[in-house]
Amino acid sequence: MSDIRDKSLAEKGVARIEWALKEMPVLRGLSENLSNTKPLSGLRISACLHITTETANLARTLKAAGADLVLCASNPLSTQDDVAAALVSEYRIPVYAIRGENTGTYYQHIQSALDHRPVMTMDDGADLVSELHKTRTELLENMVGGTEETTTGVIRLRAMAKDDALRYPVIAVNDAMTKHLFDNRYGTGQSALDGIIRATNILLAGKTFTVVGYGWCGRGVALRAKGHGAHVIVTEVDAVRALEATMDGYRVMPLLQAAKESDFILSVTGDKHVIDKEHIEVMKDGCVLANAGHFNVEINIPTLQAMSVKKNHPREFVDEYTLKDGRVIRLLAEGRLVNLAAAEGHPSAVMDMSFANQVLCAIHMQKHHGELGNQVHNVPAEIDHEIARLKLAAMDIRIDQLTDAQQKYLSSWQEGT
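Residues numbered from 1 in each chain as written. Predicted model: local features only at pLDDT ≥ 70, side-chain atom pairs only at ≥ 80, totals over all residues. Heavy atoms only, no water.

**Q** Give a description of the overall build of the chain that names residues and reports values.
**A** Counting its regular elements, the chain contains 17 helices and 15 strands. In summary, the chain has a C-alpha radius of gyration of 22 Å against a globular reference of 22 Å for 417 residues, a match within 12%. Each principal axis of the C-alpha distribution contributes one length, and for the chain these read about 70 × 65 × 45 Å. Of all intrachain contacts in the chain linking residues separated by at least 6 positions in sequence, the fraction that spans at least 24 positions is 72%. Of the roughly 18600 Å² of accessible surface on the chain, a fraction of 50% belongs to carbon and sulfur atoms. Across the chain, the centroid of the 44 positively charged side chains sits 3 Å from that of the 53 negatively charged ones. (Helix = DSSP H or I, 4+ residues; strand = E, 2+ residues; numbered from the N terminus. Rg over C-alpha atoms; globule rule 2.2 N^0.38 Å. Contact = heavy atoms within 4.5 Å. Areas by Shrake-Rupley, 256 points an atom, 1.4 Å probe, with all protein chains shown as cover. Lys, Arg positive; Asp, Glu negative; His and termini not counted. Charge placed at Lys NZ, Arg CZ, Asp CG, Glu CD.)

Okay, here's the thing in structure tokens:
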């Protein structure tokens, strides 16, 4: 069983999936190796992820490793319908995802994925885990564990664990060095600007571009916006990150001040209503608002709607809200992930590492779940370093190794100057 838009799109989807695979050498190698050993043989996995070409190759690798997999979407606007069709028709992997699905259908699809009776979850935002704990508690008894892909999901899961509400162990794939240093910084940095540019076709050079939040994603966005010639402002609530942004050469100020001069404001915090009424009240006419955080709550859209007298849709993925004083505020992609809603998401080369983490962590969880408590666990360091080693090898890059004497020196306290 599946619920997708149109199976006839499968041929196009296959071509795009194979194109992405060319940039995913680590996952490609894992698929070849795991197809022989099948360490996930018979393991029922439900995965709530963005249905993209890169995710399709993760799904193919999990299937090659023996997993019994079902997919649903982690965002109503991120599904690539041709990819969903290819997964169902060509690769025989059930998918419940339709681009643009309403909220009711979105949660219905999550329930359909849970009907698979998974013993392992893969999540991007923790909606699957949340629904499992709230509405399908009968499944919890047999759960082996799960993995979480993104910052927002890790935050939610750690809150569950703090309240003793998390009923099985989850590995925070998001926090792997080979994930957040590359996927978040280089992936979001490129794909968020790609989405903004595709949606608006407005030149960034010379414009004032405000990045709300200077985590790994914010660092990547700021760097790429600066590379386009924009004047970059960073807003933060964390003093250390604000200091880092200052030392990196950006202007740092409160968002209320930045909103008065910004041509673009991109939120990337994982928090609620960081762009709110007081900011909208002082924004420049024509200011473009976008979000690269996981959920569409970072911008207070209901308040923006209430402040408006007219809504116009001049371009795909652009809604113009005319305020009572005549100013126009432009909202991209309904406030959802602009890099996935208005573009194609992260480049395959960075998702190669993120999804290799997913595969190896699933295998680790399968082997060691009995040793893990019902907490959010870090990716084992040996997995992180192995993925980095494989990526370097695929790029034909060699590095130095410590000599025995150097290793002894670093692990000893007897030797001094």
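**Q** Go over the layout of surface pockets with me, naming the residues and quoting the values.
**A** Approximately 1000 Å³ is the volume found for the largest pocket. Taken together, 49 residues form the lining of the largest pocket, with Thr151, Cys217, Val268, Ala292 and Gly293 sitting closest to its centre. Mapped onto the lining of the largest pocket, the elements with two or more residues apiece are helix H3 (53–64), helix H7 (151–162), helix H8 (177–200), helix H9 (216–227), helix H14 (338–341) and helix H15 (348–368). Across the lining of the largest pocket, the residue classes tally to 17 nonpolar, 21 polar and 11 charged. (1 Å grid on protein atoms, 1.4 Å probe; cavity = no way out; pocket = protein on both sides within 12 Å on 5 of 7 lines; lining within 4 Å. Points joined across faces, edges and corners; volume = space filled by probe spheres on them. Nonpolar A, V, L, I, M, F, W, Y, C, P; charged D, E, K, R; others polar.)

**Q** Outline empty space enclosed by the protein, supporting the account with residue identities and numerical values.
**A** Considering all chains together, one arrives at one cavity of 30 Å³ or more under this definition. Looking at the largest cavity, its volume works out to about 30 Å³. As for the largest cavity, its lining consists of Arg44, Arg117, Pro118, Leu139 and Asn142. A per-class count over the lining of the largest cavity returns two nonpolar, one polar and two charged.

**Q** Please give an account of helix H1 (residues 10–21) that cites residues and values.
**A** For H1, spanning 12 residues, the distance from its first C-alpha to its last is 16 Å, which sits close to the expected 16 Å at 1.5 Å a residue. Within H1 the residues assigned to the buried category are Ala10, Gly13, Val14, Arg16, Ile17, Ala20 and Leu21. (Expected span 1.5 Å × (residues − 1). Buried < 20%, exposed > 50% of the residue type's maximum accessible area, 1.4 Å probe, protein only.)

**Q** So what about helix H5 (residues 103–114)? Which residues, and what values?
**A** Its 12 residues give H5 an end-to-end C-alpha distance of 17 Å, which sits within 8% of 16 Å, the value for a rise of 1.5 Å per residue. Structurally, the start of H5 carries an N-cap: the backbone nitrogen of Gly104 is 3.2 Å from a side-chain oxygen of Asn102. (Polar contact = N/O pair within 3.5 Å; in protein donor to acceptor, adjacent residues only side chain to side chain.)

**Q** So what's going on with the pattern of salt bridges? Residues and values would help.
**A** A complete count under the given rule lists 19 salt bridges for this structure. Put simply, Glu244 and Arg219 hold a salt bridge, and the shortest N to O gap is 2.8 Å. Taken as a pair, Glu244 in helix H10 (residues 239–247) and Arg219 in helix H9 lie far apart in primary sequence, 25 residues in all. Under the relative-accessibility criterion, Glu244 is labelled partly exposed at 28%. On the accessibility criterion, Arg219 (14% relative accessible area) is buried. Its salt-bridge partner being Lys284, residue Asp263 comes within 2.8 Å of it at the nearest N-O pair. Of this pair, Asp263 sits in the loop between helix H11 (255–258) and strand S10 (264–267) while Lys284 sits in the loop between helix H12 (277–280) and strand S11 (288–291); the two residues are 21 residues apart in sequence, bridging distant segments of the chain. Exposure remark for Asp263: the relative accessible area of 18% places this residue in the buried category. Exposure remark for Lys284: the relative accessible area of 31% places this residue in the partly exposed category. (Salt bridge = Lys/Arg side-chain N within 4 Å of Asp/Glu carboxyl O.)

**Q** Please provide a residue-by-residue account of the environment of Ala10, values included.
**A** Structurally, Ala10 can be placed in helix H1. Residue Ala10 is classed as buried on the basis of its relative accessible area, which comes to 11%.

**Q** How would you explain the sheet that holds strand S15 (residues 376–377) if you had to name every residue and give the values?
**A** A sheet is described by the order of its strands in space; here seven strands give the open sequence S3-S2-S1-S4-S5-S6-S15, paired in parallel fashion. Taken across any chain shown, the strands that pair with only one partner, and hence form the sheet edges, are strand S3 (95–96) and S15. As paired strands, strand S4 (residues 120–123) and strand S5 (residues 145–148) are joined by four bridges and run parallel to one another. Following the sheet pairing, Thr121 is matched in S5 by Gly146. Along the sheet face, helix H6 (residues 127–135) touches strand S1 (44–49) and S4 and points at about 135° away from the line of S4. (Pairing = 2+ DSSP bridges. Axes fitted to C-alpha atoms, helices over the stretch in contact; angles between N-to-C directions.)

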